[in-house]
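Listed here are the chains, written in short residue letters.
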Amino acid sequence: MEAFTYRSQTAEVRFGHGNAAANVRDWVERHHARRILLVTSPSQSVAAELITSAIHARVVGLFSDVVEHVPAETAALAQQAAENSDADLILSIGGGSTTGTAKAIALRTGLPILAVPTTLAGSEMTDVWGITVDGRKQTGKNPLVQPRAVVYDPALLTSLPHAVAVSSAFNALAHCVEAFWGPGANPLTSLKAGEGIRQLTQGLRALQNAQAGAMDSLVYGSFLAGSAFAEAGSGLHHKICHALGGAFDLSHAGTHTVILPQVLRFNADAVPAASRSICAALGVDDAVAGLRELLIATGAPRNLRELGMQDDDVPVAVDVVAERLPIPNAREVTRGDIQWLLQAAFDEGTIHS
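In this text, all values refer to a predicted model and were calculated from it rather than measured experimentally. (Residues numbered from 1 in each chain as written. Predicted model: local features only at pLDDT ≥ 70, side-chain atom pairs only at ≥ 80, totals over all residues. Heavy atoms only, no water.)

1. A short note on the sheet that holds strand 1 (residues 12–15)
The strands that make up a sheet are held in pairs by hydrogen bonds between backbone atoms, and each pair lies either parallel or antiparallel. Definition in use: Only strands joined by at least two bridges in the DSSP assignment are considered to pair. Helix and strand definitions follow DSSP, with helices as H or I runs of at least four residues and strands as E runs of at least two, each counted in order from the N terminus. Angles here are taken between N-to-C directions and fall from 0 to 180 degrees, while the axes themselves are lines fitted to C-alpha atoms, restricted in helices to the stretch in contact. Residues are treated as being in contact if the distance between any of their heavy atoms lies within 4.5 Å.
Ordered in space as 1-8-5-4-2-3, the six strands form an open sheet in which the pairing is parallel. Edge positions in the sheet fall to strand 1 and strand 3 (59–63), since each has one partner strand and no second. Neighbour-to-neighbour, the strand axes of the sheet open up by a mean angle of 20°, direction not taken into account. Two strands pair when backbone bridges link them, and strand 2 (residues 36–40) and strand 3 are joined in this way by four bridges, in the parallel orientation. When the sheet's bridge partners are listed, leucine 37 is paired in strand 3 with glycine 61. Where helix 1 (residues 20–30) meets the sheet, it contacts strand 1, strand 2, strand 4 (89–94), strand 5 (113–117) and strand 8 (149–152), and its direction lies at approximately 155° from that of strand 1.

2. With respect to the packing of helix 6 (residues 187–208) against helix 10 (residues 272–282)
We count it as follows: In a left-handed crossing the near helix is turned counterclockwise from the far helix by less than a right angle, and in a right-handed crossing that turn is clockwise. Ten residue types, Ala, Val, Leu, Ile, Met, Phe, Trp, Tyr, Cys and Pro, are classed as nonpolar, four, Asp, Glu, Lys and Arg, as charged, and the remainder, Gly among them, as polar.
Packing of helix 6 against helix 10 leaves a shortest axis separation of 8 Å and a crossing angle of 35°. Here helix 6 and helix 10 pass one another in a crossing that is right-handed. Residue-level contacts link Gly194, Ile197, Arg198, Thr201 and Arg205 of helix 6 to Ile278, Ala280, Ala281 and Leu282 of helix 10. Broken down by class, the residue content of the contact of helix 6 with helix 10 amounts to five nonpolar, two polar and two charged.

3. Description of the pattern of salt bridges
Operational definition: What counts as a salt bridge is simple: a side-chain nitrogen of Lys or Arg found within 4 Å of a carboxyl oxygen of Asp or Glu. Classification of residues uses two cut-offs on accessible area relative to the type maximum, computed with a 1.4 Å probe and protein chains only: under 20% is buried, over 50% is exposed, and between them is partly exposed.
All chains considered together, the criterion is met by 13 salt bridges. Its salt-bridge partner being arginine 198, residue glutamate 195 comes within 3.1 Å of it at the nearest N-O pair. Residue glutamate 195 and its partner arginine 198 are both found in helix 6; the two are separated by three residues, about one turn of the helix. Here glutamate 195 falls in the partly exposed class, since its relative accessible area comes to 26%. For arginine 335, the salt bridge is made with aspartate 319, and the minimal N-O distance between the two is 2.4 Å. One end of the pair, arginine 335, is in helix 13 (residues 335–347); the other, aspartate 319, is in helix 12 (residues 313–322), and 16 residues separate them in sequence. Relative accessible area serves as the criterion here: at 37%, aspartate 319 is assigned to the partly exposed category. Through salt bridges that share partners, Glu12, Arg14, Asp26 and Arg30 make up one connected network.

4. Looking at the packing of aromatic side chains
The description of an aromatic ring pair rests on the distance of the ring centres and on the angle between the ring planes. The test is simple: Any pair of Phe, Tyr and Trp rings, taking the six-membered ring for Trp, is counted once the centres come within 6.5 Å. Such a pair is stacked with planes under 30 degrees apart, edge-to-face with planes over 60 apart, and tilted for the rest. Here, a charge over a ring means that NZ of Lys or CZ of Arg falls within 6 Å of the ring centre while also lying within 35 degrees of the ring normal.
Under the counting rule described, the total for this entry stands at four aromatic pairs. Judged by centre distance (6.3 Å) and plane angle (80°), the ring pair of phenylalanine 15 and tyrosine 220 falls under edge-to-face. Highlighted residues: phenylalanine 15 in strand 1 and tyrosine 220 in helix 7 (residues 214–232), separated in sequence by 205 residues. Assessed through its relative accessible area of 39%, phenylalanine 15 is described here as partly exposed. Residue classification places tyrosine 220 among the partly exposed residues on the basis of a relative accessible area of 32%. Both rings, one in tyrosine 220 and one in phenylalanine 223, keep their centres 6.3 Å apart while their planes meet at 35°; by these two values the pair is tilted. Of this pair, tyrosine 220 and phenylalanine 223 both sit in helix 7, three residues apart, roughly one helical turn. Its end group placed over the ring of phenylalanine 266, arginine 331 keeps NZ or CZ at 3.8 Å from the ring centre.

Here's what the structure looks like:
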């Protein structure tokens, strides 16, 4: 076995169907939080009210102006809300954009985060932050933004629109796939990533057939995906998605969904052992073909056109991504490779690729 380094996560994780309110209350009381800043979005107002009903007196501030990709202006306003409320805890209830906003506050204030995810973003398990400045998404790693605790409750996701659930699940799948060859990949992250793919694939198929337990599998898979990615680190896939999201304001989950099969196809031959593991987890003989079949079966977005990019955006996108070279990856990446990947992602499903 090759030598490896493993960095364990420090977050306390609680998983339970219908237990979000009780788990949040217990954590808040055990850690003596007295002044809570609630970070959420208007779409999660009902869930937030239910979750905080027993600790309502401790919620002294609210920030709900969440914007995808966390523009610098939003981060500044969120920080101000935390300072104005003299908060001692950030309670994040929402998807990846909400978690990202909470992280932006923590990065600037050092306040701890208690995260309650309502999509399958996975960012609640990482110490990665992202803030968009002048059309460029700046990212980094800092232990300050790692949530101290994460409360998973599949019941919170049962009303998630089908299209959002699907693209969110493929976002989580992207975390798993990249975890196989991220700069910090090791046997333990690969175990998590493989099981994450199995759970997410099982959940997506169950979701298509309206089977009970679909969301439980998806949420558990998302947790494994976020944990594996946090330890293995990011590479080509995430660099592309962050660049496109910041420059073109594309859907975060949608971009991950569209880019995933292209990066997998680009890397597959360079990492045969990882490719075999991904095939086994997907339950297919060919990982790229199997992934494409799953995309088609679930009605997921397949190309950048569907996300709003135009033909003349592709050269600009190549420039934006190429700014990040050299990019860590399973095989060397050139500007020409980026051109090929983005054009393939733009044309996928519309021409033979």
